[in-house]
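Chain by chain, the residues:
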Amino acid sequence: MFNWLKRKEKEEPKTEEQIQEQQAVYEEGLTRTKRGLFRQVVSLFEVDEITEDIWEDLETLLIQADLGVDTTVVLVERLRERVRVDRLKKPQHVYDALQEELVEILLKPERDLQARQAAAGTPDSHEDRPYVILVVGVNGVGKTTTIAKLAKFYRDKGKSVMIGAGDTFRAAAIDQLEIWGERVGVPVIRHEPGADPGAVVFDAVESARARGTNVLIIDTAGRLHTKINLMEELRKVKRIIQKQLPGAPDETLLVLDATTGQNGLQQAKVFMDVAEVSDVAVAKLDGTARGGIVFAIARELKLPIRFVGTGEKLTDLAEFDARQFVKALFS
Ligand code: GDP
């Protein structure tokens, strides 16, 4: 049921105990969302016929579930059009069509991601140089934790991984990354708090190159109140990476907090203005009953979701699968 959180890595076979443990984590991850507004959406279609009221209720529920007004209006319009053109009468058929439309919203930017990956490569196709992931996002969204989870994710796939502690403004974040690094077993390149982020990034890239590291994950500043500074810092960091490794960074991953709802979208737009964001990791999906934000991200930001975080532990990260996600929401 929860295999939308499927793990695609080639891991050692897991013990029964590990599998059960993971399953429990996944179930926990979606519990709130499933019990929340999506449960009510399911109930809407447990009727004998589709009436005008259902459309209104559906709109209200989807907006409450954080899909956002725009996405909801377009989705419901499209659904009504399908009902008209395909002459859908049975509530079950309309319900099926709703799920198909939701999957389509998620798949659209995912296809773009596949096209981009075909051009830019993936961690698997970069044999000659480190695959560089620049991680951006506002402080507090779960960036540090997501970086640690990503390090584990790639390490479990058999990659050598390194972390660059590029947000030198936050001493606690640097220390935290170092602790995570030790736990995961990956080196963390850091300087003292307050140091030049460019210098850290330079050292991290040099070090990753020298050691033949497969995946280099770089943390960046997340202070939003100074957009100009943020822009300058991210640009500088990018320039330094590009100079050392033409073509890199290969991925600019934006971390968003599922619990901040539509506010998160506004924050995302700031980062999209200052960095070429390529994909999104949605953290804290376990902390909300309104998992609909995932659809708003895909449709309004036109960004594919690559990962979701469903807890505070290192293992609480999964690759995103649109079809399985929608299926699990309505299960
Ligand atoms: P940063 O400031 O963006 O680097 O955020 P942190 O990684 O330090 O995370 C902020 C808080 O959110 C910490 O208490 C984390 O344990 C918590 N957190 C991060 N990701 C998740 C998640 O997926 N689920 C839950 N429930 N908590 C998370």
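Below you will find a few notes about this structure. All chains use their own residue numbering, which begins from 1 and follows the written sequence. At least 70 in pLDDT is required for a residue's local features to be given in this predicted model, at least 80 for side-chain atom pairs to be given and counted, and no such filter applies to totals for whole chains, interfaces and linings, which use all residues. Side-chain figures throughout are based on the complete set of non-hydrogen atoms in the structure, without hydrogens or water.

Two distance rules govern patches: like charges are joined within 9 Å, and nonpolar side chains (Val, Leu, Ile, Met, Phe, Trp, Tyr) within 5 Å, applied only to residues with over 30% relative accessible area and no salt bridge. To be clear on the numbers: accessible area is Shrake-Rupley with a 1.4 Å probe, and residue cover counts the displayed protein chains and nothing else. For this analysis, a salt bridge means a side-chain nitrogen from Lys or Arg found within 4 Å of a carboxyl oxygen belonging to Asp or Glu. A surface patch of nonpolar side chains, about 200 Å² in accessible area, is lined by I63, V69 and V73. Strands here mean DSSP runs of E at least two residues long; helices mean DSSP runs of H or I at least four residues long; both are numbered from the N terminus. Tracing the backbone shows V73 in helix α4 (residues 69-85).

Our focus in this paragraph is helix α10 (residues 261-274). Between buried and exposed lies partly exposed: a residue is buried under 20% and exposed over 50% of the maximum accessible area for its type, with that area taken using a 1.4 Å probe on protein chains only. Of the positions making up α10, those classed as buried are G261, G264, L265, A268, V270, F271 and V274. Buried positions along α10 lie against β1 (131-136), α9 (227-244), β5 (251-257) and α11 (293-300). Any two residues whose heavy atoms approach within 4.5 Å are treated as being in contact.

Attention now goes to the pattern of salt bridges. Tallied over the full model, the rule gives 24 salt bridges. K238 is paired through a salt bridge with E276; the nearest N and O atoms lie 3.8 Å apart. One end of the pair, K238, is in helix α9; the other, E276, is in the loop between α10 and β6 (279-283), and 38 residues separate them in sequence. Judged by relative accessible area, which is 13%, K238 ranks as buried.

Between N-to-C directions, angles span 0 to 180 degrees; the directions come from axes that are lines fitted to C-alpha atoms, helices contributing only their stretch in contact. Put simply, helix α5 (residues 91-120) and helix α12 (residues 322-329) touch, their axes get as near as 9 Å, and they point 150 degrees apart. The pairing of α5 with α12 is recorded here as roughly antiparallel in orientation. Considering only the axes of α5 and α12, their crossing is right-handed. For the pair α5 and α12, contact is made by Q99, L102, V103, L106, L107 and E110 and by A322, R323, F325 and V326, respectively. Residue composition of the contact of α5 with α12, grouped by class: seven nonpolar, one polar and two charged. An angle below 35 degrees is read as roughly parallel, one above 145 as roughly antiparallel, one from 65 to 115 as roughly perpendicular, and any other as oblique. By definition, any crossing whose near helix is turned counterclockwise from its far helix by less than a right angle is left-handed, and any crossing with a clockwise turn is right-handed. Ten residue types, Ala, Val, Leu, Ile, Met, Phe, Trp, Tyr, Cys and Pro, are classed as nonpolar, four, Asp, Glu, Lys and Arg, as charged, and the remainder, Gly among them, as polar.

Looking now at the packing of α4 against α5. Relative orientation of the contacting elements α4 and α5 amounts to 135 degrees, with a least axis distance of 10 Å. Between α4 and α5, the angle falls in the class oblique. In the packing of α4 onto α5, the handedness of the crossing is right-handed. Seen from α4, the contacting residues are T71, L75, R78, L79, R82 and V83; seen from α5, they are V94, A97, L98, E100, E101, L102 and I105. Among the residues making up the contact of α4 with α5, the classes are represented as eight nonpolar, one polar and four charged.

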